[in-house]
Amino acid sequence: MEKDFIKVGGVETFSTVDFPDKIAAVIFMQGCPWRCPFCHNAVLQDTDCDSGFIWEKFVEFLQTRRKILDGVVFSGGEPLMQNGLESAIREVKDLGFLIGLHTGGYRPQHLKKVLPLIDWVGFDIKALLEENKYGRAIGCFSQTYLMKVRESLQILLESGVDFECRTTCDPRILSIKDIKDIAEELSRIGVKKYFLQKYRPVESDKTTSDCDCEQFFCDKNLIAALKAQFEVFDIRK
Ligand code: SF4
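Rules used throughout
Residues numbered from 1 in each chain as written. Predicted model: local features only at pLDDT ≥ 70, side-chain atom pairs only at ≥ 80, totals over all residues. Heavy atoms only, no water. Helix = DSSP H or I, 4+ residues; strand = E, 2+ residues; numbered from the N terminus. Contact = heavy atoms within 4.5 Å. Polar contact = N/O pair within 3.5 Å; in protein donor to acceptor, adjacent residues only side chain to side chain. 1 Å grid on protein atoms, 1.4 Å probe; cavity = no way out; pocket = protein on both sides within 12 Å on 5 of 7 lines; lining within 4 Å. Points joined across faces, edges and corners; volume = space filled by probe spheres on them. Nonpolar A, V, L, I, M, F, W, Y, C, P; charged D, E, K, R; others polar. Salt bridge = Lys/Arg side-chain N within 4 Å of Asp/Glu carboxyl O. Buried < 20%, exposed > 50% of the residue type's maximum accessible area, 1.4 Å probe, protein only.

Asks: What exactly am I supposed to notice about the environment of Thr-167 here?
Replies: Take Thr-167: it is sitting in strand β6 (residues 162-169). Between the alpha carbons of Thr-167 and Gln-30 there is a distance of 22 Å; along the sequence they are 137 residues apart. In contact with Thr-167, other than residues within four places in its own chain, are Ile-125, Lys-126, Leu-174, Ile-179, Ile-182, Tyr-194, Phe-195, Leu-196 and Gln-197. At a separation of 2.9 Å, a polar atom in the side chain of Thr-167 contacts the main-chain carbonyl oxygen of Ile-125.

Here it is in structure tokens:
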């Protein structure tokens, strides 16, 4: 049977920040169904774009890194778009690496299929799980997308696989109240690890100041509440 195609948009050969407590390589999948206004990987959005990166070359590289790297993170773009994800993960796992996955939860059934192979998931929560707010954050208004995110999160919670939720605090689309509401819902459904990520203005954003971006982290009440709500909470700047 012909192997499902996997489309690589880029590679980071050495990272200490993409897989908690692990040294990892990161492979960025080409293609994303969403258009988040804060996206710094816009070049990875177009499914048809040819980056020139080849999967087999990445595997060859990994063979030389067995005693140097702990793991490999499949990131994006949106890795769950790739039909070849499962076989790609198996190939990397067979080399002895731990597997991390960064996803926004697109295609829950695909997530369910690959989860038994995965050691850790970084799950993006873009906004409060409500149609208008989520639509604004992912740049696409669709009840279906929101249902997929909810379903994926539920699958993740039930799987027992280690995971974190994280939110990029873009002040153009999120308020402090939004973060409080997101955290409340995540905590209620059983999420244990939550991270806030600082938004760094994209090139087209000429008006958001650093002070706007910092407001979430300066709010002592918010930070205290988040620390109390989760077993693990932190800020990534
Ligand atoms: S899901 Fe990620 S890759 Fe896709 S548009 Fe949003 S930030 Fe960019």
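From this point on, the discussion continues.
Asks: Explain empty space enclosed by the protein here, please?
Replies: The rolling of a water-molecule-sized probe over the atoms marks out the regions of remaining empty space. Tallied over the entire structure, the rule returns one cavity of 30 Å³ or more. Elements represented by at least two residues in the lining of the largest cavity include exactly α4 (131-138) and α5 (143-159). At four residues, α4 tops the list of elements feeding residues into the lining of the largest cavity. Here the residues of the lining of the largest cavity are counted per class, giving five nonpolar, two polar and one charged.

Asks: What's the story with the pattern of salt bridges in this structure? I'm lost.
Replies: Pairs can form between side chains of opposite charge once their charged atoms are near each other. Evaluation of the coordinates by the stated rule reveals 18 salt bridges. For Glu-185, the salt bridge identified is with Arg-150, shortest N-O distance 3.0 Å. In this pair, Glu-185 is assigned in helix α6 (residues 176-189) and Arg-150 in helix α5, connecting sequence segments 35 residues apart. Look at Glu-185 and you get buried, because its relative accessible area is 13%. Glu-185 is paired through a salt bridge with Arg-188; the nearest N and O atoms lie 3.5 Å apart. Residue Glu-185 and its partner Arg-188 are both found in helix α6; the two are separated by three residues, about one turn of the helix.

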